[in-house]
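Below, each chain spelled out in residue letters.
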Amino acid sequence: VQLVESGGGLVQAGGSLRLSCAASGRTFVTYAMGWFRQAPGKEREFVAAISYSGSRIYYADSVKGRFTISRDNAKYTVHLQMNSLKPEDTAVYYCAASRQYMPTTGDAYDNWGQGTQVTVFS
């Protein structure tokens with residue numbers, strides 16, 4: 001499955017952004033989906049994951065209560081709604097697809113998008 005992210009941009013602290021990830025085909029519905037991010041000079045970090053059906057969701061502690069992951073299997077898309085953004089949320093955000101149930105480590109994901117930049121200024 002091929003993935004394309006969109007929705008990144010420049011936003012003031014406290015603001016919101018909604019990232020989208022479009023998948024290429026019907027096999028999307030068989031994949032768990034995750035969002036990761038990587039800030040300059042830092043390792044890639046898990047953000048959120050959602051099971052193939054959408055019934056199970058998991059968040060990193062750093063974004064819990066502020067970010068919401070969702071998916072639309074009819075439209076082959078996954079979203080990340082980001083509220084109350086902080087400067088430390090600045091990173092390139094990647095969506096990824098996994099055949100495993102709902103992994104939180106990057107090496108469990110098989111397919112990655114190209115990333116979208118999110119910059120939060122104070």
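Residues numbered from 1 in each chain as written. Predicted model: local features only at pLDDT ≥ 70, side-chain atom pairs only at ≥ 80, totals over all residues. Heavy atoms only, no water.

Novice: Please set out the state of the cysteines residue by residue, giving values where relevant.
Specialist: Note on terminology: a disulfide is the covalent bond linking the sulfur atoms of two cysteines. Summed over the entire model, instances satisfying the criterion amount to one disulfide. Paired by a disulfide, Cys21 and Cys95 hold their sulfur atoms 1.9 Å apart. Across the S-S bond linking Cys21 and Cys95, the dihedral sits near 45 degrees, which makes this disulfide right-handed. Of the two residues, Cys21 is situated in strand β3 (residues 17–23) and Cys95 in strand β9 (residues 91–98); the sequence distance between them amounts to 74 residues. Residue Cys21 is classed as buried on the basis of its relative accessible area of 0%. The class of Cys95 is buried, set by a relative accessible area of 0%. (Disulfide = S-S within 2.5 Å. Helix = DSSP H or I, 4+ residues; strand = E, 2+ residues; numbered from the N terminus. Buried < 20%, exposed > 50% of the residue type's maximum accessible area, 1.4 Å probe, protein only.)

Novice: A description of the pattern of salt bridges should follow, citing residues and the corresponding values.
Specialist: What the rule picks out here adds up to four salt bridges. Here Arg37 makes a salt bridge to Asp89, at a shortest N to O gap of 2.9 Å. A residue pair is termed long-range when its members are at least 10 positions apart, and Arg37 in strand β4 (residues 32–38) and Asp89 in the loop between β8 (77–82) and β9 qualify at 52 residues. Where Asp61 meets Lys64, a salt bridge forms, and the shortest distance between an N and an O atom there is 3.1 Å. Taking relative accessible area as the criterion, Asp61 reaches 65% and is therefore assigned exposed. (Salt bridge = Lys/Arg side-chain N within 4 Å of Asp/Glu carboxyl O.)

Novice: How would you sum up the sheet that holds β8? Please name residues and give values.
Specialist: Taken together, four strands build an open sheet; the order of strands is β1-β3-β8-β7 and the sheet is antiparallel. Two strands lie at the open edges of the sheet, namely β1 (3–6) and β7 (67–72), each paired on one side alone. Each strand axis lies, on average, 15 degrees off the axis of its neighbour in the sheet, ignoring direction. Taken together, the four bridges between β1 and β3 define a ladder with antiparallel strand orientation. Looking at β3, one finds that Ser6 is bridged to Ser20. (Pairing = 2+ DSSP bridges. Axes fitted to C-alpha atoms, helices over the stretch in contact; angles between N-to-C directions.)

Novice: Describe the packing of aromatic side chains, with residues and values.
Specialist: All chains considered together, the criterion is met by seven aromatic pairs. Centroid distance Phe36 to Trp112: 5.1 Å. Interplanar angle 55 degrees. Geometry classified as tilted. Note that Phe36 is positioned in strand β4 and Trp112 in strand β10 (residues 111–112), a separation of 76 residues in sequence. Within the aromatic cluster, the residues linked to one another by ring pairs are Phe36, Phe46, Tyr58, Tyr94, Tyr109 and Trp112. Residue placement shows Arg44 over the ring face of Phe36; its charged tip is 5.9 Å from the ring centre. Here the basic side chain of Arg71 rests over the ring of Phe28, its NZ or CZ set 4.4 Å away from the ring centre. (Phe/Tyr/Trp six-rings, centres within 6.5 Å; stacked < 30°, edge-to-face > 60°. Lys NZ or Arg CZ within 6 Å of the ring centre and 35° of its normal.)

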